[in-house]
There are 2 protein chains.
Amino acid sequence: MTSPVRLALLGCGTVGQEVVRLLHEQSADLTARIGAPLEIAGIAVRRLGRDRGDLPVDENLFTNDALGLIKRDDVDVVIEMVGGIEPARTWLVEALRGGKSVVTANKALLAEDGVALHEAAADGGGDLYYEASVAGAIPLLRPLRESLHGDRINRVTGIVNGTTNFILSAMDATGAGFAEALEEATALGYAEADPTADVEGFDAAAKAAILASLAFHTRVGAADVHREGITEVTAADMASAQAMGCTIKLLCIAARGVDSTGRETVSVRVHPAMIPRSHPLASVGDAFNAVFVEADAAGELMFYGRGAGGAPTASAVLGDVVAVSRNRLAGVRAASESAYADLAVRPMGEALTRYHVSLDVADRPGVLASVASVFARHDVSIATVRQGSAGGPAGRGGAELVIVTHVAPDAALAATVGELRGLDIVRSVTSVLRVEGDA
Amino acid sequence: MTSPVRLALLGCGTVGQEVVRLLHEQSADLTARIGAPLEIAGIAVRRLGRDRGDLPVDENLFTNDALGLIKRDDVDVVIEMVGGIEPARTWLVEALRGGKSVVTANKALLAEDGVALHEAAADGGGDLYYEASVAGAIPLLRPLRESLHGDRINRVTGIVNGTTNFILSAMDATGAGFAEALEEATALGYAEADPTADVEGFDAAAKAAILASLAFHTRVGAADVHREGITEVTAADMASAQAMGCTIKLLCIAARGVDSTGRETVSVRVHPAMIPRSHPLASVGDAFNAVFVEADAAGELMFYGRGAGGAPTASAVLGDVVAVSRNRLAGVRAASESAYADLAVRPMGEALTRYHVSLDVADRPGVLASVASVFARHDVSIATVRQGSAGGPAGRGGAELVIVTHVAPDAALAATVGELRGLDIVRSVTSVLRVEGDA
């Protein structure tokens, strides 16, 4: 019998407990797939003696000395399920430098300082795997970092945050406003007590950075990602989207482009956007995740599944554990970080987007001409205009004007809206949303 | 500069030409991703001197001596894009035994004699990759053989044949019959002149065998797959499906189960089935492919994209070429075939399915009781019954009876239908279809 691969688990919350359970239940299968048994060397937790239910594991394996556990000679693979920047960074750099392989679900750390982790892995000669960091159980990173390596990816568009997708799906289905839908999500356990990381788009932005890095062979960090959350999406916005045959999703978008000097760039952004109901991402409901990939030769691909939760995340973690364990037994390492393309990250103002703008305007002749001239002044081309009847939502002597633009630099679109707000004939700008897909 | 990885291409049809083009266009990127350039050592074709348009490749590389090319010492990787059993098998076994790595899209050969290929690969020490053999460009085999290795897959349900999906989607959209929809598919280039392999389900059955082997760590061959095509699906069947809120798809299904002795088994089958419109596979239209995976911890996953065509298939082939080239440079091999579970393949009669049955019956009291007693006699439990009005499609003094069963062994369902056909009160069985998903 080959000697076991020994695991150090950092953290024993929802995901950690599922990992322990699966290690126990699937023990025979995992051994057969790896060619050696997996054995838990220790589990680092913050507080010892806490009740962890009926976990099938020896109490003596728990320790509150994470660093001590990581440094032990009999540990081969470190599994980090703690999250956050510190102490996770210190622990993982220590593990990797010491030649351990690391499996982590820590998107925030990877987006903040992935370079330090990749460098430490290269130094130590172990593997760094992180499938669980983006879109939970959906096998996504391995396809991006392996299957599509013979192709050229042009765009990745994803719904990668379950909380916000639950909220927006509820707003779409019931007409509720953001606050009301958030309350429902919290009550049902889909939103945390402090939902900031989700609803302000920080979580999605970290995942966008990881996806963009892999898709474009370029180091993209959280700071490179333009980020807008969903707290300002209103019931009126959703109604506008529905009137256009669209819905609103919080999208992470990483797109290849060319700047004014002809240099290849990548733009990476997270923001709410209208997408047509016919788009495959539109029907991704509840807390599900999905990522849509456009590549030169492969065409359009979509990956769909559960993006969060203990069991789905544990599935992704264990898939990585099997892979790094096999690599250790074979005495090999997976391919290192691929960042050769080193594309420049294009600022949001230069990203090409489309806007949907609803205006409450004075109901008199010449209004459309005045509004259209503002768009023209900023070189923004209008795709469609719809003028609502006087009986429409604007009411009180006003009229509703709904404009959808063609693609233009985001800065030009923002400046156009800014100038519209200052026009006498515009009583208010009732909704501004970006539009993705061919609406 | 590292010395190049040298490729032998077998076949230069639609896929081969795309591979040549991509090798040329993506040359710099492929070199960076692999760490060495790729170089074409030769291209084996049946007829030399045929016009191959503007292919960016030296005419002298073409040869009609495939075996000679494969045996050359300066060839590292053999890419097979010829299809069929022979001479492909002889060539690939020769290449693998000689220590070459092989990338192939040949689903028929893998399903017919994958064991011979895997054994030859183990003998020679090279890699055998075949991502392009199932669902074209969709990264599916790598997720199954790596990402989900920490999980337990219970069921794989796929739409893996573009031609039949195009035909069934057209029948659904227009009400056309099979023959008419096939004609349209042929005219548009979605069906071959001889469509047998597609419409009779042979192509899907080969892919089902490959998927089942990977998902269940068990050798499953084409002969183990129960196969029914779509030639007998009628416009009336589609109308029945639509009346139930369903559509009809040609599904490949590989499912884990337990036989009467408590032994774990797997059943693998390809047949048309009704699925509810709310099922993610129902909206997979045109010639697209999608595979739905259900796993213990990961839950439900779906992979979607283009299943055929020169460029998508070439994307999958090149992704594999990058992987095997990297492995060669690192002096390693990917994990071998995983067949440790060795589950018994359960015959179709024991597979658990549900039936939808439409009957044209005599319109008189007691008919339902007689029909129901036939189901009871075979231990088949009825889920829903709908009796059509006399003005319904049955007409002429008859009535329509539509029955959907609960899950039962397929043999019991088939025997039930057989007995119904013999009942006096049953004027005809107008439609029999299996039902998948919670309809």
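These figures come from a predicted structure and were not determined experimentally.

How each quantity is defined
Residues numbered from 1 in each chain as written. Chains lettered and ligands numbered in written order. Predicted model: local features only at pLDDT ≥ 70, side-chain atom pairs only at ≥ 80, totals over all residues. Heavy atoms only, no water. Pairing = 2+ DSSP bridges. Helix = DSSP H or I, 4+ residues; strand = E, 2+ residues; numbered from the N terminus. Contact = heavy atoms within 4.5 Å. Axes fitted to C-alpha atoms, helices over the stretch in contact; angles between N-to-C directions. Least-squares fit on C-alpha atoms with pLDDT ≥ 70 in both. Buried area = accessible area lost by both parts, 1.4 Å probe. Salt bridge = Lys/Arg side-chain N within 4 Å of Asp/Glu carboxyl O. Polar contact = N/O pair within 3.5 Å; in protein donor to acceptor, adjacent residues only side chain to side chain. Domains from an automatic or database assignment. Buried < 20%, exposed > 50% of the residue type's maximum accessible area, 1.4 Å probe, protein only. Parallel < 35°, antiparallel > 145°, perpendicular 65-115°, else oblique. Left-handed = near helix turned anticlockwise from the far one by under 90°. Lys, Arg positive; Asp, Glu negative; His and termini not counted. Disulfide = S-S within 2.5 Å.

1. Points about the sheet that holds strand β5 (residues 101–104) of chain B
All names here are of chain B. Within the open sheet, the six strands sit side by side as β3-β2-β1-β4-β5-β6. Their pairing is parallel. Either end of the sheet is taken by a strand with one partner, and the two such strands are β3 (62–63) and β6 (128–129). Two elements, β5 and β6, share two bridges in a ladder whose sense is parallel. Paired with valine 102 across the two strands is leucine 128, which belongs to β6. Each of β1 (5–10), β2 (38–44), β4 (77–80), β5 and β6 is contacted by helix α12 (residues 310–330), which is oriented at about 170 degrees to β5, the strand it contacts most.

2. Re the relation of the copies chain B and chain A
Superposition record for chain B on chain A: RMSD 0.0 Å, screw rotation 180 degrees, translation along axis 0.0 Å. Read as a symmetry element, the transformation amounts to a two-fold axis. Scanning chain B for the C-alpha nearest the rotation axis identifies Phe303(B), at a separation of 2.4 Å.

3. A look at the interface of chain B and chain A
You'll often see interface size given as the accessible area lost when the parts meet. Tallying the contact residues gives 42 residues for chain B and 42 residues for chain A. For the pair chain B and chain A, the summed buried surface comes to about 3800 Å²; carbon and sulfur atoms form 55% of the total. Viewed at the interface, chain A and chain B are joined by two salt bridges. Note that Glu146(A) and Arg142(B) form a salt bridge whose closest N and O atoms lie 3.2 Å from each other. One can count 20 residue pairs in polar contact (both at pLDDT 80 or more) joining chain B with chain A. Put simply, the parts of the chain that give the side of chain B that touches chain A at least two residues each are α2 (27–34), α6 (141–145), β12 (299–306) and α12 of chain B. Pairing analysis gives three bridges linking strand β12 (residues 299–306) of chain A to β12(B), with the strands arranged antiparallel. What sits directly across from Phe303(A), in β12(B), is Phe303(B).

4. Examining the sheet that holds strand β6 (residues 128–129) of chain A
All names here are of chain A. Strand order in this open sheet of six strands is β3-β2-β1-β4-β5-β6, and the pairing throughout is parallel. Edge positions in the sheet fall to β3 (62–63) and β6, since each of these pairs with one other strand and no more. With six bridges connecting them, strand β1 (residues 5–10) and strand β2 (residues 38–44) associate as parallel partners. Of the residues in β2, the one forming a bridge with arginine 6 is glutamate 39. Packed on one face of the sheet, helix α12 (residues 310–330) meets β1, β2, β4 (77–80), β5 (101–104) and β6 and runs near 170 degrees to β5.

5. Overview of the domain arrangement of chain A
Residue and element names in this part refer to chain A. Taken domain by domain, chain A comprises domain 1 (5–136 + 310–330), domain 2 (141–306) and domain 3 (349–435). Spacing between the C-alpha centres of domain 1 and domain 2 amounts to 28 Å. Opposite the 18 residues of domain 1 that make contact, domain 2 presents 16 residues. Together, the buried faces of domain 1 and domain 2 total about 1400 Å²; carbon and sulfur atoms form 61% of this surface. For the salt bridge of arginine 142 with aspartate 320, the shortest nitrogen-to-oxygen distance reads 3.1 Å.

6. A few points about unusual backbone geometry
Residue and element names in this part refer to chain A. Between glutamate 86 and the following residue, proline 87, the backbone shows a cis peptide bond with an omega angle of 5 degrees. Relative to the elements of secondary structure, proline 87 occurs in the loop between β4 and α4 (88–97). Notably, aspartate 286 is not glycine yet its phi reads approximately 50 degrees, a positive angle. As for its placement among the helices and strands, aspartate 286 is situated in the loop between β10 (264–276) and β11 (288–295). Take aspartate 286: its relative accessible area is 45%, and that puts it in the partly exposed class. In this structure, aspartate 342 takes a positive phi of about 50 degrees despite not being glycine. Turning to its location among the elements, aspartate 342 is positioned in the loop between α12 and β13 (344–345).

7. Topic: the packing of helix α4 (residues 88–97) of chain B against helix α5 (residues 107–124) of chain B
Residue and element names in this part refer to chain B. Two numbers describe how α4 lies on α5: the axes approach to 7 Å, and their chain directions differ by 20 degrees. By the angle between their directions, the pair α4 and α5 is classed as roughly parallel. In this structure, α4 meets α5 at a crossing whose hand is right-handed. Residues Ala88, Arg89, Leu92, Val93, Leu96 and Arg97 of α4 form the contact with α5, whose participating residues are Leu109, Asp113, Ala116, Leu117, Ala120, Ala121, Asp123 and Gly124.

8. Quick word on the pairing of β11(A)
Residues and elements named next belong to chain A. Counting buried positions along β11 yields seven of eight residues, so the element is predominantly enclosed. Pairing between strand β7 (residues 153–159) and β11: six bridges, direction antiparallel. Each residue of the ladder has a partner; that of valine 156, found in β11, is valine 293. Pairing geometry for β11 and β12, over eight bridges, is antiparallel.

9. Overview of the side chain of Glu80(A)
All names here are of chain A. Note on placement: glutamate 80 falls in strand β4. Lysine 107 provides the closest opposite charge to the buried, salt-bridge-free glutamate 80, at an N-O distance of 9.9 Å. Within the structure, glutamate 80 has its side chain in polar contact with the backbone nitrogen of valine 82 (distance 3.0 Å). Here threonine 104 takes part through its side chain, which lies 2.6 Å from a polar atom of the side chain of glutamate 80. When neighbours within four sequence positions are excluded, glutamate 80 is seen to be in contact with Leu10, Ala88, Leu92, Val103, Thr104, Ala105 and Asn106.

10. Looking at the state of the cysteines
Using the criterion set out here, one finds zero disulfides over all chains in the structure. With no disulfide of its own, Cys246(A) lies closest to Cys252(A) among cysteine sulfurs, the gap being 19 Å.

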